[in-house]
Amino acid sequence: MTTIIEPGTSVPEFRLVREDGREFTRADLLGRTTVLVFYPFAFSPVCTDQLQVYEEILDDLRARGAEMYAVSTDANWSQRAFREQLGVSIEQLSDFEPKGAVARAFGVFFEPGGMANRALVIVGPDGTVGWSHLAESPGELPGANLIFDGLDAVQRRAAA
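Residues numbered from 1 in each chain as written. Predicted model: local features only at pLDDT ≥ 70, side-chain atom pairs only at ≥ 80, totals over all residues. Heavy atoms only, no water.

### Notes on the sheet that holds strand β2 (residues 23–25)
Item 1. Strand order in the open sheet formed by seven strands is β2-β1-β5-β4-β3-β8-β9, and the pairing between neighbours is mixed. Across the chains shown, the open sheet's two edge strands, defined by having one partner strand only, are β2 and β9 (129–134). Strand-to-strand, the axes of this sheet are offset by a mean angle of 30°, without reference to chain direction.
Item 2. Across five bridges, strand β8 (residues 119–123) lies against β9 in antiparallel orientation. In the strand pairing of β9, I122 is matched with W131.
Item 3. Running over the sheet, helix α3 (residues 76–86) touches β1 (15–18), β4 (66–72) and β5 (91–94) and is turned about 160° from β5.
Item 4. Lying on the sheet, helix α5 (residues 144–159) is in contact with β3 (33–38), β4, β8 and β9; it crosses β9 at an angle near 150°. (Pairing = 2+ DSSP bridges. Helix = DSSP H or I, 4+ residues; strand = E, 2+ residues; numbered from the N terminus. Axes fitted to C-alpha atoms, helices over the stretch in contact; angles between N-to-C directions. Contact = heavy atoms within 4.5 Å.)

Structure below.
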């Protein structure tokens, strides 16, 4: 069984690719709260529903000082087409090559399917994981309320 990166863990160095080909690294997480949404595949039914649901809460996330990025093992070109077809603004980050390296580093790679499992990781401004959730299966859609529960947990940890 995969073990997701735990709260209190410093995020490892990593490299993802944005839609436009630019790199997204650990340094891009610093200075703000970030919600990383790992999902299996662009254009799959549950992933489509998930990103549409999360698009509806972006303003509320930003009002709480958080930014959201979606991560899959798809190529950045597929992710762009997926985002455009859905009509969502959530920036897509590709973990395509080496395939799943970041998902593995975060403990969310689903070996049987060769893809990222469905997971949520909230990273604080200091680059430390504040909260994480790994779905029991790739078919489980973590509701938006779970993200807000995670943000509340991060704020409680920061205040303690």
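This is not the end of the story, as more comes after the structure.
### Re the nonpolar core
Item 1. One finds L61, M68 and I147 to be the most contacted residues of the largest nonpolar core, which totals 26 residues.
Item 2. Ranked by residue count, the leading element in this core is α5, at six residues.
Item 3. Sequence-distant contacts of L61, defined by excluding residues within four places in its chain, comprise A66, M68, I147, F148 and L151.
Item 4. In terms of nonpolar packing, the next biggest core, distinct from the first, is built from 22 residues, I5, V11, V71 and V123 among them. (Core = buried A, V, L, I, M, F, W, Y, C linked by side-chain atoms within 4.5 Å. Buried < 20%, exposed > 50% of the residue type's maximum accessible area, 1.4 Å probe, protein only.)

### Some thoughts on the pairing of β1
Item 1. Strand direction decides the pairing type here: β1 and β2, joined by three bridges, are antiparallel. Across the sheet, the residue bridging to R15 is T25, located in β2.
Item 2. Relative to β5, β1 runs antiparallel, the two being bridged by two bridges. Bridging from a neighbouring strand, V17 pairs with S94 of β5.

### Quick look at the side chain of S132
Item 1. Take S132: it is sitting in strand β9.
Item 2. A distance of 2.7 Å separates the side chain of S132 from the backbone oxygen of I5, its partner in a polar contact.
Item 3. Setting aside residues no more than four positions away along its own chain, S132 makes contact with I4, I5, E6, P7, L120 and V121. (Polar contact = N/O pair within 3.5 Å; in protein donor to acceptor, adjacent residues only side chain to side chain.)

### Points about unusual backbone geometry
Item 1. Residue E97 is joined to P98 through a cis peptide bond whose omega torsion reads -5°.
Item 2. Structurally, P98 is set in the loop between β5 and α4 (101–105).
Item 3. The phi dihedral of F43 falls on the positive side, at around 75°, and the residue is not glycine.
Item 4. In this structure, F43 sits in the loop between β3 and α1 (45–55).

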